[in-house]
There are 2 protein chains.
Amino acid sequence: MHSAGLRASAVARVTFVGGAQGEWTVERITAPRGALLAPVAAVRKVEAPEFVALDGVWALQGVRSNERYVEKREHVQLAAASAGLGRPESTCAALIPMSKSKAWWELSQDERRAILGERSGHIVKGSKYLPAIARRLFHGRDLGAEFDFLTWFEFSPADREAFEALLGELRRTEEWQYVEREVDVRLVRGAL
Amino acid sequence: MHSAGLRASAVARVTFVGGAQGEWTVERITAPRGALLAPVAAVRKVEAPEFVALDGVWALQGVRSNERYVEKREHVQLAAASAGLGRPESTCAALIPMSKSKAWWELSQDERRAILGERSGHIVKGSKYLPAIARRLFHGRDLGAEFDFLTWFEFSPADREAFEALLGELRRTEEWQYVEREVDVRLVRGAL
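Rules and cut-offs
- Residues numbered from 1 in each chain as written.
- Chains lettered and ligands numbered in written order.
- Predicted model: local features only at pLDDT ≥ 70, side-chain atom pairs only at ≥ 80, totals over all residues.
- Heavy atoms only, no water.
- Helix = DSSP H or I, 4+ residues; strand = E, 2+ residues; numbered from the N terminus.
- Buried < 20%, exposed > 50% of the residue type's maximum accessible area, 1.4 Å probe, protein only.
- Polar contact = N/O pair within 3.5 Å; in protein donor to acceptor, adjacent residues only side chain to side chain.
- Contact = heavy atoms within 4.5 Å.
- Salt bridge = Lys/Arg side-chain N within 4 Å of Asp/Glu carboxyl O.

Here the focus is the side chain of threonine 25 of chain B. All names here are of chain B. For threonine 25, the position within the fold is in strand S2 (residues 24–33). Taking relative accessible area as the criterion, threonine 25 reaches 15% and is therefore assigned buried. At 2.5 Å, the side chain of threonine 25 forms a polar contact with the backbone oxygen of glycine 190.

Encoded structure:
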């Protein structure tokens, strides 16, 4: 965004650019729900002060923002169990862009927390797979971006099955009934 | 924002343009905390699918977004007590742009809710002044906008004192200790 009145961003920005080239090679793109993204050979993940211009087939935008549902005790547990992104052995990645329905966004905060946290166990399910499956969430909804969320996962080839198990658990939850569109982009590190 | 990959916005956008002309005439601009905005004669409030281009001295951007702290029982009470914006007798308005500190944004959701809700009574304090003081909250932080929040208030001239009382109550709360910048723009309806 370039506009009068904008400060140096308080939130870190990410652009995922899908195109012919990039450090992550696409294995496959599927759409568990809703419309697919156009096929591309590779994805570039650019975390930068500004969104980067599209020079590929698609560009997905998001921001790292404050936590929306995680409670303090959970934050402490997650932080202690996490190993972070960028580990050399994490040569597998997944980019999961997702949007939720109007019905979800019209729920009050306590209702959304109860569905995501208590009834769907989203935070607990993710924490079971730490530190093997590292993740980072980006928000797009307030930007008017194509997806409400972009979640980025990194893991080693040995943890591919664990990653499938995590996704399977999440997709069977009450929370996922509010997912209107979900695309699943699988990647391996290395330029084409 | 104009960029590839953006959908018709899921969230309504607002631009407050401060300049020489507009439907709201400025009475005064003060800054209870942090830097002032440049003096202007009038403000235009434009809710539209896209942000409007700057054609004045400053342009502040925000989006209507989902509720962040209000719980279902509070939502029901607020909705029942509210009268909405645009009442003919509401010829007074206030635009309060505000940003909170890094310390606030690093708190977990339950910590922020406890400070804003239970300990500062933000929602209860606002509801006491309904329907007289109507308000609408816009979010700017994820956009990288100049302010984290833009709150718009409308009320009748008879309720000016009530509005001062509301602001006074809020500014004395624990929540306000996290306010890093606050500007207070007072307006009356009518073009210059």
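Glancing now at the interface of chain B and chain A. How big an interface is tends to be expressed through the accessible area that disappears when the partners come together. The interface of chain B with chain A comprises 39 residues on the first partner and 39 residues on the second. At the junction of chain B and chain A, the tally comes to two salt bridges. The shortest N-O distance in the salt bridge between arginine 68 of chain A and aspartate 142 of chain B comes to 2.9 Å. Summed over the shared surface of chain B and chain A, the result is 14 residue pairs in polar contact (both at pLDDT 80 or more). Listing elements by their share of the side of chain B that touches chain A, those giving two or more residues are strand S4 (58–63), helix H1 (72–81) and helix H3 (109–119) of chain B. A per-element tally of the side of chain B that touches chain A places H3 of chain B first, with four residues.

Residues and elements named next belong to chain A. Counted under the stated rule, the structure contains 42 salt bridges over all chains. Across the pair arginine 181 and glutamate 146 runs a salt bridge, and its minimum N-O distance is 3.1 Å. A residue pair is termed long-range when its members are at least 10 positions apart, and arginine 181 in strand S8 (residues 179–189) and glutamate 146 in the loop between strand S6 (134–139) and strand S7 (149–155) qualify at 35 residues. A residue is classified by how much of its surface remains accessible, and arginine 181, at 16% relative accessible area, is buried. Note that glutamate 182 and arginine 171 form a salt bridge whose closest N and O atoms lie 2.8 Å from each other. You can see glutamate 182 sitting in strand S8 and its partner arginine 171 sitting in helix H5 (residues 160–171), a full 11 residues away along the chain. By relative accessible area, which is 2% here, glutamate 182 ends up buried. On the basis of relative accessibility, which here comes to 28%, the residue arginine 171 falls in the partly exposed class. Salt bridges here are not isolated pairs; linked through shared partners, they connect Arg28, Glu164, Arg171, Glu182, Asp184 and Arg186.

With that out of the way, let us pick up the environment of tryptophan 58 of chain A. All names here are of chain A. If you trace the backbone, tryptophan 58 turns up in strand S4 (residues 58–63). Once residues lying within four places of it in the same chain are set aside, the contact partners of tryptophan 58 are Phe16, Val17, Gly18, Ile29, Leu37, Ala38, Val40, Val43 and Leu95. For tryptophan 58, the side chain forms a polar contact with the main-chain oxygen of alanine 38, separated by 2.8 Å.

Structural measurements only, silent on function.
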